[in-house]
There are 2 protein chains.
Amino acid sequence: MQFESREEVRRAGLHKHSMAGIGYDSDGNAESIVISGGYKDDLDEGDVIIYTGQGGQSRDGGSTQVKDQVLERGNRALVNAALNQIPIRVIRGARGDKRFSPQTGYRYDGLFMVSKHWFEKSKDGPLVVRFELRKIDESFYEVALENFSETTIGETPVGSINPVRKLSNPIDRIKRDPTVVKWVKALYGNQCQICQTTLRTPTTSYSQGAHIRGLGTPHNGADTTSNMLCLCANCHILFDFGAIYIDSDTFEVHNVVEKSKSTLILNDNHKLDIEAINYHKLHYAGIQ
Amino acid sequence: MQFESREEVRRAGLHKHSMAGIGYDSDGNAESIVISGGYKDDLDEGDVIIYTGQGGQSRDGGSTQVKDQVLERGNRALVNAALNQIPIRVIRGARGDKRFSPQTGYRYDGLFMVSKHWFEKSKDGPLVVRFELRKIDESFYEVALENFSETTIGETPVGSINPVRKLSNPIDRIKRDPTVVKWVKALYGNQCQICQTTLRTPTTSYSQGAHIRGLGTPHNGADTTSNMLCLCANCHILFDFGAIYIDSDTFEVHNVVEKSKSTLILNDNHKLDIEAINYHKLHYAGIQ
């Protein structure tokens, strides 16, 4: 779908703003982004897009980063879309990467999922937020071209009695060494190092091996025991989304949302990678 | 890899027993199964195998199911392999499904993941456990042909500083209606209906929409709000693995492992499917 102007894109219901790059609904979940070469650090690889968040730039018309970007407005909405697995409509404009952008005007380029976000120091010093978006199989989300209606609890959605099965696209994954996660989980007997919960199923106890510095781009963490914690599923999510970070001096666990702290359970045989812990604090929790 | 006898398979380190169909390590995780037409209810579709658990049959040499199968020994080990995402070596014998079995002897047929398990009433009445195994991309698990060594906490596994990225196989998925899960999560403000936890990240609160009766085979549940609970990640796992079931008369939540009970949080606007709740109790928790 091809459009002459942002206004045409807006009228088609694809993106609700004429100026702002990130559109989101009243629940705070992102719906759409427009990419048109605004941020020179953005990276467009076709099916994978690295998109820079909004805010913190000087108001003199230049693009100097004068303040840290924070997880508010559009940035918050893109993180929420990642958490809630809500697909994002991507519209590319003519000023984007020549390989993937329309020659003139704007083009709707299908659905992407926000697969990761992280904080990064800009060249000017303050933090920016970066988002990785990956193209997904459109046919999983037929409603995507409509505007997701705002949630009204009064009306119960109909859903489907007999939902359809289909093959997804292959996913880019990192090979893991199963002995690493097995060792870490066994060392703690599947007890969460953060909240001390041990989930018990009818056959076993259960935990997850959580990488401190994530595998693969952009973090390129190691698949080693020193870069892994034994966590329950809940703390794993909080840790990955930067609600929790660890102080590498004291091994105190800080919850930045609840503004509480506790002490990490740490076995003497488990040597943690201090650099990975500091990396996590900066790039996941956004704390310099 | 082709073998004349079970004994040869055993000596090659592929399956540790000469008789039993399910091999598992001292941690209680399954490593390998042999399929050779023993259970007539087994179903072999090549890349997908439905495998019946062990136990509860009459000792007269017949195959009458006289007692419920339970999650012990090999059955427990296959469930644990599902929870811990440990791949299973599959060896097929000549007496299996002709389309996928060797003409004589035994053949190593690669790695499968236990993707689901459930309880089912046998024709004779008592419950049996059934497992769905799906073929996986062998190259993700190079260690699989070695015996996974038993976990010894003294030796730290080396892991990998620079793990390799690759594409996984496409996964069979069920299309979901995103408005269904959005509605359920909004109704409860992301509070877990079971444990009352609300996970809070820096940008939002978080929960998961858990289908009571699962989508797709074998359960073929509906993608509707009446078949969905708003759960935290931890309770979602406990619910899916049958540690928790709901009494459809009282809406009490029973934890069969902790032997405790509590009351489900239930909004008046949320009508639950009673049949789905009873289905879950029977097929996930194995309680008739």
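The model shown is predicted, which means the values in this text are computed figures rather than measured ones.

What counts, and where the lines are drawn
- Residues numbered from 1 in each chain as written.
- Chains lettered and ligands numbered in written order.
- Predicted model: local features only at pLDDT ≥ 70, side-chain atom pairs only at ≥ 80, totals over all residues.
- Buried ≥ 20, exposed ≤ 12 C-beta atoms within 10 Å, placed from the backbone.
- Helix = DSSP H or I, 4+ residues; strand = E, 2+ residues; numbered from the N terminus.
- Contact = placed C-beta atoms within 7 Å.
- Axes fitted to C-alpha atoms, helices over the stretch in contact; angles between N-to-C directions.
- Nonpolar A, V, L, I, M, F, W, Y, C, P; charged D, E, K, R; others polar.
- Pairing = 2+ DSSP bridges.
- Domains from an automatic or database assignment.
- pLDDT = per-residue confidence, 0-100.

1. Describing helix α4 (residues 233–240) of chain A
Phase 1 of the analysis: Counting buried residues along α4(A), seven of its eight residues qualify, which places the element largely inside the surrounding structure.
Phase 2 of the analysis: For α4(A), the secondary structure elements touched by its buried residues are β13 (208–211), β14 (228–231) and β15 (244–246) of chain A together with β11 (199–200), β12 (205–206) and α4 (233–240) of chain B.

2. Some remarks on the environment of Gln103(B)
Phase 1 of the analysis: Following the sequence through the fold, Gln103(B) ends up in the loop between β6 (88–93) and β7 (106–121).
Phase 2 of the analysis: Along the primary structure Gln103(B) and Ile274(B) are separated by 171 residues, whereas in three dimensions their C-alpha atoms are 48 Å apart.

3. Some details on the packing of α4(A) against α4(B)
Any two packed helices are characterised by how steeply their axes cross, that is the angle between the axes, and by the distance between the axes.
Phase 1 of the analysis: The geometry of α4(A) relative to α4(B) is characterised by a closest axis approach of 6 Å and an angle of 145° between their N-to-C directions. Seen from α4(A), the contacting residues are Ala233(A), Asn234(A) and Ile237(A); seen from α4(B), they are Ala233(B), Asn234(B) and Ile237(B).
Phase 2 of the analysis: Looking at the contact of α4(A) with α4(B) residue by residue, the class counts come to four nonpolar, two polar and no charged.

4. Regarding the sheet that holds strand β17 (residues 260–263) of chain B
All names here are of chain B.
Phase 1 of the analysis: Strands sit in the order β15-β16-β17 across an open sheet of three strands; the sheet is antiparallel. The sheet is open, and its two edges are formed by β15 (244–246) and β17, each paired on a single side. Adjacent strand axes in the sheet meet at a mean angle of 25° when their direction is disregarded.
Phase 2 of the analysis: Bridge analysis of β15 against strand β16 (residues 252–255) gives three bridges, and the strand direction is antiparallel. From the neighbouring strand, Tyr245 faces β16, where its bridge partner is His254.

5. A short note on the pairing of strand β5 (residues 48–52) of chain A
Residues and elements named next belong to chain A.
Phase 1 of the analysis: Direction of pairing for strand β4 (residues 43–44) relative to β5: antiparallel, over a ladder of two bridges. In the strand pairing of β5, Leu43 is matched with Ile50.
Phase 2 of the analysis: Linking β4 to β5, which pair antiparallel, is a turn of three residues; within it Gly46 sits at a positive phi near 85°.
Phase 3 of the analysis: Direction of pairing for β5 relative to strand β8 (residues 127–135): antiparallel, over a ladder of five bridges. Paired with Tyr51 across the strands is Phe131, a residue of β8.

6. Points about the domain arrangement of chain A
Residues and elements named next belong to chain A.
Phase 1 of the analysis: Each domain of chain A was delimited in the assignment, giving domain 1 (2–142) and domain 2 (178–283).
Phase 2 of the analysis: For domain 1 versus domain 2, the separation of C-alpha centres amounts to 31 Å.
Phase 3 of the analysis: At the junction of the two partners, domain 1 supplies four residues and domain 2 supplies four residues.
Phase 4 of the analysis: Of the residues in the side of domain 1 that touches domain 2, the class split is three nonpolar, no polar and one charged.

7. Brief notes about helix α3 (residues 178–187) of chain B
Residues and elements named next belong to chain B.
Phase 1 of the analysis: Burial analysis of α3 places seven of its 10 residues in the buried class, the great majority of the element.
Phase 2 of the analysis: For α3, the full list of buried residues reads Pro178, Val180, Val181, Lys182, Trp183, Val184 and Lys185.
Phase 3 of the analysis: Elements in contact with the buried residues of α3: β13 (208–211) and β14 (228–231).

8. Focus: the confidence of the model for chain A
All names here are of chain A.
Phase 1 of the analysis: Confidence in the prediction of chain A, expressed as mean pLDDT, is 88, and 90% of residues score 70 or more.
Phase 2 of the analysis: Under a pLDDT of 50 for its full length, residues 143–151 has, in the predicted model, 17 contacts with residues more than four places off or in other chains.
Phase 3 of the analysis: Two summary scores accompany this predicted model of the complex, namely pTM at 0.85 and ipTM at 0.84.

9. Here we look at the environment of Thr104(B)
Phase 1 of the analysis: With respect to the helices and strands, Thr104(B) occurs in the loop between β6 and β7.
Phase 2 of the analysis: Judged by local crowding, Thr104(B) falls into the exposed class, with 11 C-beta atoms found within 10 Å.

10. Quick word on the sheet that holds strand β17 (residues 260–263) of chain A
Residue and element names in this part refer to chain A.
Phase 1 of the analysis: Here we have three strands laid out as an open sheet, ordered β15-β16-β17, and antiparallel in their pairing. Of all strands in the sheet, those with a lone pairing partner are β15 and β17, marking the two edges. For this sheet the average axis-to-axis angle between neighbouring strands, irrespective of direction, equals 25°.

11. Here's the deal with the environment of Gly74(A)
All names here are of chain A.
Phase 1 of the analysis: Looking at the element boundaries, Gly74 is found in helix α2 (residues 73–83).
Phase 2 of the analysis: On the basis of neighbour count, Gly74 is assigned to the buried category, with 21 C-beta atoms found within 10 Å.
Phase 3 of the analysis: Separated by 170 residues in the primary sequence, Gly74 and Ile244 place their C-alpha atoms 22 Å from one another.
Phase 4 of the analysis: Apart from the residues lying within four places of it in its own chain, the contact partners of Gly74 are Ala20, Gly21, Ile22, Tyr24, Ala30, Gly53 and Gln54.

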